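Remarks on the overall topology
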Amino acid sequence: MAMYEVDQYGDGLIPDYITEIEDGAFKDCAELEYVDILEGVTRIGDSAFENCPNLLEVKIPGSVTYIGNRAFMNCRHLREIQIPQSVTRIGDHAFRDCECLRVINIPEKITKIGNGAFMNCSDLDNITFPKHLNKIGDCAFRGCSSLKHVILPRGVIHIGAQAFRECTELKYVDLPETVTSVGAEAFFLCENLRFIEMPGGVESLEDDVFSGCDLRYIELPSTIKKIGIRAFAGCAYMTAIVIPDSVTYIDNTAFEACSSLAKIDASDEIKQQIESRI
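Below, the structure is looked at part by part. (Residues numbered from 1 in each chain as written. Predicted model: local features only at pLDDT ≥ 70, side-chain atom pairs only at ≥ 80, totals over all residues. Heavy atoms only, no water.)

Description of the overall build of the chain
- When its secondary structure is counted, the chain shows one helix and 24 strands.
- Expressed along its principal axes, the backbone C-alpha trace of the chain runs to roughly 70 × 30 × 25 Å.
- A burial count over the chain gives 51% of its 278 residues as buried.
- Considering only contacts in the chain between residues 6 or more positions apart, those separated by 24 or more positions represent 20%.
- Carbon and sulfur atoms make up 45% of the accessible area of the chain, which totals about 12,300 Å².
- Side-chain charges in the chain split into 26 positive and 43 negative, and the spacing between the mean points of these groups amounts to 4 Å. (Helix = DSSP H or I, 4+ residues; strand = E, 2+ residues; numbered from the N terminus. Buried < 20%, exposed > 50% of the residue type's maximum accessible area, 1.4 Å probe, protein only. Contact = heavy atoms within 4.5 Å. Areas by Shrake-Rupley, 256 points an atom, 1.4 Å probe, with all protein chains shown as cover. Lys, Arg positive; Asp, Glu negative; His and termini not counted. Charge placed at Lys NZ, Arg CZ, Asp CG, Glu CD.)

What about the sheet that holds strand 8 (residues 80-82)?
- Spatial ordering of the open sheet is given by 4-6-8, a layout of three strands whose pairing is parallel. Of all strands in the sheet, those bounded by a partner on one side alone are strand 4 (34-36) and strand 8. Neighbouring strand axes in the sheet, compared pairwise and without regard to direction, differ in orientation by 10° on average.
- When strand 4 meets strand 6 (residues 57-59), the two strands line up parallel, connected through three bridges. Counted as the bridge partner of Val-35 is Val-58 from strand 6. (Pairing = 2+ DSSP bridges. Axes fitted to C-alpha atoms, helices over the stretch in contact; angles between N-to-C directions.)

Description of the nonpolar core
- Counting residues in each nonpolar core, the largest one holds 90 residues, and the members touching the most others are Phe-49, Phe-72, Phe-141, Phe-187, Ile-227, Phe-232 and Phe-255.
- The residues contacting Phe-72, other than those within four sequence positions of it, are Ile-44, Phe-49, Leu-55, Val-58, Ile-67, Leu-78, Ile-81, Ala-94, Phe-95, Arg-96 and Cys-98. (Core = buried A, V, L, I, M, F, W, Y, C linked by side-chain atoms within 4.5 Å.)

Some points on the pattern of salt bridges
- Enumeration according to the criterion identifies 16 salt bridges in this entry.
- Glu-177 is the salt-bridge partner of Arg-154, the closest N and O atoms lying 2.4 Å from each other. With Arg-154 in the loop between strand 14 (149-151) and strand 15 (158-159) and Glu-177 in the loop between strand 16 (172-174) and strand 17 (181-182), the pair connects residues that are 23 residues apart, well separated along the chain. This pair shows no difference in class: Arg-154 is exposed, exactly as Glu-177 is.
- A single salt-bridge network, built from bridges that share partners, covers Arg-142, Arg-165, Glu-166 and Glu-185. (Salt bridge = Lys/Arg side-chain N within 4 Å of Asp/Glu carboxyl O.)

Focus on unusual backbone geometry
- Even without being a glycine, Ser-47 presents a positive backbone phi close to 60°.
- Residue position: Ser-47 is located in the loop between strand 5 (43-44) and strand 6.

Details of the sheet that holds strand 19 (residues 204-205)
- An order of 19-21-23 is seen for the three strands of this open sheet, with the pairing classed as parallel. Whereas interior strands pair on both sides, the edge strands pair on one side only; in this sheet they are strand 19 and strand 23 (249-250).
- Note that strand 19 and strand 21 (residues 226-227) share two bridges and pair parallel. In the strand pairing of strand 21, Ser-204 is matched with Lys-226.

So, the environment of Ser-122
- Tracing the chain through its elements places Ser-122 in the loop between strand 11 (112-113) and strand 12 (126-128).
- With sequence-adjacent residues up to four places away left out, Ser-122 is seen in contact with Glu-99, Gly-143, Ser-145 and Ser-146.

Looking at the packing of aromatic side chains
- Throughout the structure, instances matching the rule amount to twelve aromatic pairs.
- Judged by centre distance (5.1 Å) and plane angle (5°), the ring pair of Phe-49 and Phe-72 falls under stacked. Of this pair, Phe-49 sits in the loop between strand 5 and strand 6 while Phe-72 sits in the loop between strand 7 (66-67) and strand 8; the two residues are 23 residues apart in sequence, bridging distant segments of the chain. For the pair Phe-49 and Phe-72, a shared accessibility class is recorded, and that class is buried.
- Through a chain of ring-to-ring contacts, the aromatic side chains of Phe-26, Phe-49, Phe-72, Phe-95, Phe-118, Phe-129, Phe-141, Phe-164, Phe-187, Phe-210, Phe-232 and Phe-255 assemble into a single cluster. (Phe/Tyr/Trp six-rings, centres within 6.5 Å; stacked < 30°, edge-to-face > 60°.)

Following this line, the structure appears as C-alpha cells:
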C-alpha cells in the first residue's frame, strides 16, 4: 500500500512509482490544499479526496482515465480542476458538494454523467457537455443554483430523476430530439425556468417533472401519452399549453395551482378534464 503525506505547505505528496491513487487515500485530510498528480497515474480511487475541506486546486494528468465514486465529494473550497480528455468515466457523487467549483469541461469520451456527480455545486455556472453523452444520472446537477443555461448535445437519450432539481437560476433548457425519457422531478423547483422545448421522442411526463417552474407556455409533442402526478403543479404563471390527442392519462394533480392557465389547446375532453382540476 502506498504512503501518502501532506507537507508543511499543504501539498499532497504522491509517490512517483504509483499508477493509481487508492480508495480513500487522502480522505478527511483537513491540511491538504494543493494536489499535482504525476503523469502515469491512471485511476483516482473511490473517496480518494473525499471531505478535504481546504483543498483548493487539483492538477490531473492526461494519463488518468477513471475518477471514482465520491472522489472529490465535499471538497467545499475546491475552485479549479481541469479534467483531461483521457478520462472515460466520472463516478457517482464524484464532485458532489464542491460548492466553490465554477466551471466544468466534461471530457469528450464521457457517455454518462454519474448519479449526483455534481450535486450541490452551488457556484457552478458553466458546463460544457461532451458530444457523445447519452445519459445524465439521477441528481447529477441537483442544487446547482448558479446554473443558468443547459444545452444538451444530440445523442442524449435519458435525463435521470431530479437531474436538475432546484437549479434555481436555470432559465433555459435545450433538449435534443434524441431524448426519450425524462425522470421524475428532473426540473422540480427550477423556479426561474421559463422555456423548454420538449423533444418528439418523450412518451411520459413523470411526477413533479416541472413542478414549481416559471414556465409561461409549453407545447407537448405528439408522442406524449401520460402526464403524471403534479407534473406542472405550481406553474403559477403558465398561461398556455398545447396537449396532443396522443395523451391518454392525466393525473388529477398534474396542473394543480396553475392559476394563470387560460388557453388550453387540446381536445374538448382533455380541456374539460384539466379545467375542472386547476
